[in-house]
Amino acid sequence: HTQFTTIDEYIALFPPAVQEKLRLLRQTIRETAPEAEEAIKYRMPTFVFHGNLVYFAAWKKHIGLYPITSSMEASLPELAAYALSGRGTIKLPLNQPLPVSLIRNIVACRVKENLENKAKAAE
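Since this is a predicted model, take the numbers as computed values, not measurements. (Residues numbered from 1 in each chain as written. Predicted model: local features only at pLDDT ≥ 70, side-chain atom pairs only at ≥ 80, totals over all residues. Heavy atoms only, no water.)

Visitor: I'm lost on unusual backbone geometry in this one. Help?
Guide: When glycine is set aside, most residues are seen to have a negative phi, and most peptide bonds are trans. Cis geometry is adopted by the peptide bond preceding Pro67, which originates at Tyr66 and carries an omega value of -20°. Along the polypeptide, Pro67 turns up in the loop between strand S4 (62-66) and helix H3 (70-75). Even without glycine at this site, Tyr42 takes up a positive phi of about 55°. On the accessibility criterion, Tyr42 (61% relative accessible area) is exposed. Non-glycine residue Arg43 carries a positive phi angle of around 60°. Secondary-structure assignment places Arg43 in the loop between strand S1 (37-41) and strand S2 (44-48). Of the residues examined, Arg43 reaches a relative accessible area of 37% and is grouped as partly exposed. (Helix = DSSP H or I, 4+ residues; strand = E, 2+ residues; numbered from the N terminus. Buried < 20%, exposed > 50% of the residue type's maximum accessible area, 1.4 Å probe, protein only.)

Visitor: Help me understand the sheet that holds S1 in this model?
Guide: To summarise the sheet geometry, strands pair through backbone hydrogen bonds and adopt either a parallel or an antiparallel arrangement. Pairing is antiparallel across the open sheet formed by six strands, whose spatial order is S1-S2-S3-S4-S6-S5. One side of each edge strand has no neighbouring strand; the edge strands of this open sheet are S1 and strand S5 (83-85). With strand direction ignored, the average angle separating the axes of adjacent strands in the sheet is 25°. The pairing of strand S3 (residues 52-58) with S4 spans four bridges and is classified as antiparallel. (Pairing = 2+ DSSP bridges. Axes fitted to C-alpha atoms, helices over the stretch in contact; angles between N-to-C directions.)

Visitor: Even after reading the chapter, I still don't get the packing of helix H2 (residues 16-32) against helix H4 (residues 100-122), so can you show me in this structure?
Guide: Two quantities define a packed helix pair, namely the angle between the axes and the distance from one axis to the other. Here H2 crosses H4 at 45°, and the two axes come no closer than 9 Å. Considered as vectors, H2 and H4 are oriented oblique to each other. Crossing angle aside, the handedness with which H2 passes H4 is right-handed. Contacts between H2 and H4 involve Leu24, Leu25, Thr28, Ile29, Glu31 and Thr32 on the former and, on the latter, Val100, Ile103, Arg104, Val107 and Ala108. Of the residues contributing to the contact of H2 with H4, the split by class is seven nonpolar, two polar and two charged. (Parallel < 35°, antiparallel > 145°, perpendicular 65-115°, else oblique. Left-handed = near helix turned anticlockwise from the far one by under 90°. Contact = heavy atoms within 4.5 Å. Nonpolar A, V, L, I, M, F, W, Y, C, P; charged D, E, K, R; others polar.)

Keep in mind these numbers describe shape, not what the thing actually does.
And the structure:
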């Protein structure tokens, strides 16, 4: 397995068209959660903000974005247009444009959830 320690190194492993989508995904996450820090966890690019925020991974035919939570499924009807797997994953097909507004909404939901969890832990 190829070793990588940064998101840049991870993105560089893929063909140019996939790299372009991964860079757009990363940029969208950064713009939506500017305080989040980048890391590699579970061999995936990860954004951390009061705990793990979102991860992503490129596959043969899609980019997986994790996690999709049950409260997010309830509040984001546009998720229904995508394949969700049982483990809180949305599959973004490589043969379609990235749904930037949906990605922003997912990240914003995760920021809110993590801040709520942090507040609960502090009580």
